[in-house]
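The residues making up each chain are set out below.
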Amino acid sequence: MELHKRRKAVTEPEARYFVRQVITACQYLHNTKIIHRDLKLGNLFINDEMEVKIGDFGLATRVDYDGERKRYDRVSKLGEIQQRLSVRLIKTY
């Protein structure tokens with residue numbers, strides 16, 4: 001069951017913990033030149049170890065060089081991105 005439905009609220013330290021993980025994941029995507037293009041609350045998942053995972057890379061694409069502009073293209077390397085990408089977040093306290 002979803003965390004916010006079970007508890008109705010998260011504490012401020014929990015929110016900071018989750019936001020830090022999302023930021024770490026976004027930095028990882030940026031460093032690997034991946035654009036998610038559909039990052040929203042519905043695409044963030046929390047596993048049993050309370051780690052945030054980013055999902056739904058259906059609109060994602062990879063930037064091949066700095067300054068490249070990508071148009072919407074569902075076919076561009078998405079299979080490769082979904083298979084290779086495993087966003088492992090570093091637990092930071």
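Residues numbered from 1 in each chain as written. Predicted model: local features only at pLDDT ≥ 70, side-chain atom pairs only at ≥ 80, totals over all residues. Heavy atoms only, no water.

Bringing the overall build of the protein into the picture now. For the protein, the helix and strand inventory stands at 3 helices and 4 strands. Summarising the internal contacts of the protein: among those between residues at least 6 apart in sequence, 55% fall at separations of at least 24. Of the accessible surface of the protein, which amounts to about 7,000 Å², a share of 53% is contributed by carbon and sulfur atoms. (Helix = DSSP H or I, 4+ residues; strand = E, 2+ residues; numbered from the N terminus. Contact = heavy atoms within 4.5 Å. Areas by Shrake-Rupley, 256 points an atom, 1.4 Å probe, with all protein chains shown as cover.)

Bringing the confidence of the model for the protein into the picture now. Looking at the protein as a whole, the pLDDT averages 77, with 72% of positions reaching at least 70. Element-level mean pLDDT values for the protein span from 51 in helix H3 (residues 78–84) up to 92 in helix H2 (residues 12–31). (pLDDT = per-residue confidence, 0-100.)

This paragraph deals with the pattern of salt bridges. The full count for this structure, using the stated rule, is 4 salt bridges. Residue Arg7 is joined to Glu14 by a salt bridge in which the shortest nitrogen-to-oxygen separation is 2.7 Å. In this structure, Lys53 and Glu51 form a salt bridge, with 4.0 Å as the shortest nitrogen-oxygen distance. You can call Glu51 buried: its relative accessible area is 12%. (Salt bridge = Lys/Arg side-chain N within 4 Å of Asp/Glu carboxyl O. Buried < 20%, exposed > 50% of the residue type's maximum accessible area, 1.4 Å probe, protein only.)

Before going further, it helps to spend a moment on H2. Taking 1.5 Å per residue as the helical rise, H2 with its 20 residues ought to reach 28 Å, and the 28 Å between its terminal C-alpha atoms agrees with that figure. Residues of H2 that are buried include every one of Tyr17, Phe18, Gln21, Val22, Ala25 and Leu29, and no others. The arc enclosing the buried residues of H2, seen along the axis, measures out at 130 degrees, which places them on a common side. More than 90 degrees from the buried face of H2, the exposed residues found are Glu12, Arg16, His30 and Asn31. At the C-terminal side of H2, Lys33 shows a positive phi close to 55 degrees. (Expected span 1.5 Å × (residues − 1). Arc of directions from axis to C-beta.)

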